[in-house]
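Breakdown of the fold
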Amino acid sequence: MEIPAAILVVDDRDSNLLALEAILSGAPGVNLSTARTGKEAIELARLQEFAAVVLDAQMYPLDGFDTAERIRDTSAARSVPIIFLTAYDLTPEAVRRAYSDRIGAVDFLTKPVAPEVLRAKVAVFVELFRRAERLKILERERWEAEEQRRGAERTRFLSEATAILSSSLDLQDNLDFLARLTVPRLADWCLVEMMEDGNKGPRAVAHFDAAKVPLVEEMRRRFPIEPGDSCGPAQVMRTGRPELYRDAPRELLGRTGADPDWDRGMKTLGLTSAVVVPLLIGGKAIGSLSLVSGDSGRRYGPADIGFAEELAARACTAIANSKLYDAAQNAIQRRDEFLSLASHELKTPLASLELYLASARASASSGSAERIDKARRQVERLTKFIDELLDVSRVNLGRLSFQLETMDVCALATDVVARFQAQAESAGSALELLCEGEIQGRWDHDRLDQALSNLLANALKFGDGKPVSLRVMPIPNGVRITVRDHGIGIAQDDQARIFERFERAAPARHFGGMGLGLWITKHIVAGHGGTIEVASHPGQGSLFTVDLPLNPGDPPDHGTNDPRRR
Amino acid sequence: MAPMILVVDDDADIRDALSSLLEELGYRTLCAANGKEALERLRRPGLAPPRLILLDLMMPVMDGFQFIREQRKDPALAAIPVVVVTAGSENAVPGALEVLKKPVRAERLMASVEKHRLAGGEHKAP
């Protein structure tokens with residue numbers, strides 16, 4: 001498609017104008033505008049860019065030359081080619097004047113003008129105009145492509161930056177990564193400062209020339225920023241607004257007063273231009289990022305502020321996460337300390353109680369001795385309950401920890417069953433263990449003991465004096481432990497409640513009649529990577545099935561692994 | 001002479017309760033409220049060493065761990081057997097022959113005392 005071009009034809013005689021129109025119209029893609037006076041011509045030239053102007057040299061009141069001069073004054077027509085049509089020969093001086101810059105004629109044609117000649121000459125300028133336009137279009141397209149490329153590159157840089165910044169939950173890491181990300185793409189060197197540090201010095205520093213990093217730190221320590229500084233990081237942290245220093249002022253970065261060391265230091269580091277943006281969390285400035293250009297000679301502009309702010313924003317997200325993580329860890333630690341303290345405080349008087357009761361028993365009559373033993377049994381119940389409370393608290397905090405060791409689960413089962421024989425007898429239930437040989441695996445001995453004990457205790461409690469059996473058998477890659485009783489069984493509704501999908505959120509009170517023991521048992525089994533199920537009918541007893549892997553891998557052990565470095 | 005046992009615990013009631021029980025069962029007891037006091041009592045001139053030390057872990061001034069370290073450095077004291085009695089969660093303590101958890105059943109405690117205490121003239125290796 002032909003780029004449209006416009007031609008302006010100016011003559012104060014209608015007949016001439018018509019003739020010229022006739023000659024010049026018809027060229028494809030060319031629009032013809034006409035003017036009968038210089039004034040009209042100037043107006044039209046102001047409104048539109050013409051490929052060429054065909055101008056009658058002799059006009060009244062404004063003649064052709066003056067018209068041309070005025071046309072040149074309008075910015076749209078500053079360099080428009082002007083072809084003069086003249087009725088008579090002009091003096092050489094007139095011609096020279098016409099060709100001068102102020103009038104800028106490109107040709108003189110004597111009237112009457114040969115149509116082909118005029119058409120040919122106009123066509124040349126139309127073609128020139130079109131070429132210029134095509135170049136402009138190409139230039140614009142190239143610039144847009146460049147902008148798009150720059151935009152894509154910027155986006156890619158920012159998403160890589162985000163990945164790097166969020167790869168650690170350690171605050172110092174976040175700040176170090178931020179500083180290093182800016183060099184050299186955004187700056188020759190940079191400083192990251194935190195509000196809470198006061199005058200302590202920058203939290204993170206990066207320099208194009210890594211050897212100069214100590215110098216940056218030293219300069220900052222010797223010339224600290226003051227809260228009242230009129231510019232630089234202190235000001236930015238105070239106002240929460242970014243600052244652009246196209247030509248970095250000497251007062252930047254904490255200098256006060258004349259000091260030859262400052263000059264020398266800055267000369268070494270390079271101080272040409274700078275951008276300082278705040279680090280904002282929740283709209284409040286918690287620090288600042290100073291980007292400085294030195295030897296590269298780069299001069300920052302407004303576009304750089306936006307980019308720096310974007311990078312700062314992403315860093316702040318990572319920083320906020322790190323601070324939250326720290327706060328959570330502190331809270332957990334305080335809670336842990338409280339639990340340990342509570343446990344200690346509860347168990348100490350219970351210990352004395354048991355010992356006093358035992359020593360009283362030594363010289364007690366048989367009747368008193370029996371009662372004293374019952375009292376000591378209460379101490380046991382209290383102790384067990386305290387342990388369960390602490391376990392529940394730890395589970396709720398996700399801090400149930402396991403100490404794995406290679407052990408034989410059959411040996412453990414034997415011990416547990418032996419311990420429960422007395423209780424089984426008094427419940428009237430025959431207690432049987434079915435376990436062949438040895439089954440070795442890696443489990444937490446005490447926790448597994450706890451789980452089996454809980455299951456046996458429940459079986460005896462609800463066993464209605466009927467036999468209870470504990471079986472241990474190998475299964476592929478694991479071991480299966482079942483506890484069977486023939487007692488009162490568990491109602492369907494209760495079964496469903498016990499065995500909803502493993503969720504830390506399942507509240508302990510759902511296990512009402514079963515006590516906390518079963519809930520803890522479930523978490524112990526899950527913590528080993530195992531499963532527990534029940535099959536039961538009211539009046540027909542229950543069968544609990546626990547499947548454990550031989551090697552649970554590493555069960556959730558929130559106490560020892562530092563998840564900060566992912 | 002009845003065998004003597006050193007009871008080290010910062011809780012006065014624990015010291016008293018342990019002493020009551022041990023004395024009821026025919027032992028003599030000596031008490032200390034922390035590791036430092038325990039070392040002082042042990043080093044008192046003219047004192048025959050106890051047959052066993054019942055040791056708490058969490059104590060001010062000098063805790064159980066520190067006491068054991070000092071005890072092992074001293075050849076006069078290193079051979080005295082130590083049984084830890086603690087409300088904490090430790091299952092094993094270097095330098096201690098056994099770790100009992102508070103509140104410990106009296107029978108369990110006495111079984112441990114009988115098992116580990118030095119008979120007259122005997123020295124168990126630490």
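As shown above, the structure is provided for reference.
Only a predicted model underlies this, so the values are computations on that prediction, with no experimental measurement involved.

**Some thoughts on the overall build of chain A**
Helix and strand content of chain A: 15 helices and 17 strands. Put simply, 69% of the contacts in chain A that link residues at least 6 apart link residues at least 24 apart. For chain A, the exposed area adds up to about 29,200 Å²; of that, 53% sits on carbon and sulfur atoms.

**Let's talk about the interface of chain B and chain A**
Between chain B and chain A, the residue contacts involve 19 residues of the former and 20 residues of the latter. The largest contributions to the chain B side of the interface with chain A come from Ala87(B), Pro103(B) and Arg105(B), which together make up 31% of the buried area. Where chain B touches chain A, the interface holds two salt bridges. Note that Glu380(A) is salt-bridged to Arg105(B), the shortest N-O span being 2.9 Å. Joining chain B to chain A, the criterion identifies six residue pairs in polar contact (both at pLDDT 80 or more). Only α1 (12–24) and α4 (106–116) of chain B provide two or more residues apiece to the side of chain B that touches chain A.

**Remarks on the nonpolar core**
All names here are of chain A. Leu 178, Val 192, Leu 279, Leu 289 and Leu 291 are the most contacted members of the largest nonpolar core, which totals 34 residues. Sorting the residues of this core by element identifies α5 (115–165), α6 (171–182), β6 (189–194), β7 (204–207), β9 (273–281), β10 (284–293) and α10 (302–362) as the ones contributing at least two each. When residues of this core are assigned to their parent elements, the largest contribution, nine residues, is made by α10. The residues contacting Leu 178, other than those within four sequence positions of it, are Leu 165, Val 192, Leu 279, Leu 289, Leu 311 and Ala 315. If you look at the next biggest cluster of nonpolar residues, it comprises 32 residues, including Ala 424, Leu 456, Ala 459 and Leu 470.

**Structural notes on the pairing of β7(A)**
Residues and elements named next belong to chain A. Of the two faces of β7, both are covered, the one formed by Ala 204 and Ala 206 as well as the one formed by Val 205 and His 207. When β6 meets β7, the two strands line up antiparallel, connected through four bridges. Within the sheet, the bridge partner assigned to Leu 191 lies in β7 and is Val 205.

**Considering the pattern of salt bridges**
A complete count under the given rule lists 46 salt bridges over all chains for this structure. Between Asp261(A) and Arg264(A) there is a salt bridge; the shortest N-O distance is 3.0 Å. One end of the pair is Asp261(A) and the other is Arg264(A), both in helix α9 (residues 260–269) and three residues apart, which spans about a single turn. Using a relative accessible area of 53% as the deciding quantity, one classes Arg264(A) as exposed. Here Arg43(B) makes a salt bridge to Asp74(B), at a shortest N to O gap of 3.1 Å. You can see Arg43(B) sitting in the loop between α2 (35–42) and β3 (52–55) and its partner Asp74(B) sitting in the loop between α3 (64–73) and β4 (82–86), a full 31 residues away along the chain. Bridged by salt links that share partners, the residues Glu354(A), Arg361(A), Asp373(A), Arg376(A), Arg377(A), Glu380(A), Arg105(B) and Glu107(B) form one connected network.

**Comments concerning the state of the cysteines**
Residue and element names in this part refer to chain A. Taken as a whole, this structure holds one disulfide over all chains when the rule is applied. Note on cysteine connectivity: Cys 410 is disulfide-linked to Cys 435, with sulfurs 1.8 Å apart. The sign of the -95° torsion about the S-S bond sets the Cys 410-Cys 435 disulfide as left-handed. Of this pair, Cys 410 sits in helix α12 (residues 409–427) while Cys 435 is found in strand β12 (residues 431–435), placing the two residues 25 residues apart along the sequence. By relative accessible area, Cys 410 is classed as buried at 3%.

**Section: the sheet that holds strand β17 (residues 541–549) of chain A**
All names here are of chain A. Taken in spatial order, the five strands line up as β12-β14-β15-β17-β16 in an open sheet, and their pairing is mixed. Since the sheet does not close on itself, it has two edges, and those belong to β12 and β16 (531–537), each with one partner. Averaged over all pairs of adjacent strands, the angle between their axes in this sheet comes to 15°, without regard to strand direction. Note that strand β14 (residues 468–475) and strand β15 (residues 478–485) share eight bridges and pair antiparallel. Bridge pairing in β15 places Pro 474 opposite Val 479. Sheet strands in contact with α12 are β12, β14 and β15, and its direction is about 170° off that of β12.

Definitions and cut-offs
- Residues numbered from 1 in each chain as written.
- Chains lettered and ligands numbered in written order.
- Predicted model: local features only at pLDDT ≥ 70, side-chain atom pairs only at ≥ 80, totals over all residues.
- Heavy atoms only, no water.
- Helix = DSSP H or I, 4+ residues; strand = E, 2+ residues; numbered from the N terminus.
- Contact = heavy atoms within 4.5 Å.
- Areas by Shrake-Rupley, 256 points an atom, 1.4 Å probe, with all protein chains shown as cover.
- Buried area = accessible area lost by both parts, 1.4 Å probe.
- Salt bridge = Lys/Arg side-chain N within 4 Å of Asp/Glu carboxyl O.
- Polar contact = N/O pair within 3.5 Å; in protein donor to acceptor, adjacent residues only side chain to side chain.
- Core = buried A, V, L, I, M, F, W, Y, C linked by side-chain atoms within 4.5 Å.
- Buried < 20%, exposed > 50% of the residue type's maximum accessible area, 1.4 Å probe, protein only.
- Pairing = 2+ DSSP bridges.
- Disulfide = S-S within 2.5 Å.
- Axes fitted to C-alpha atoms, helices over the stretch in contact; angles between N-to-C directions.

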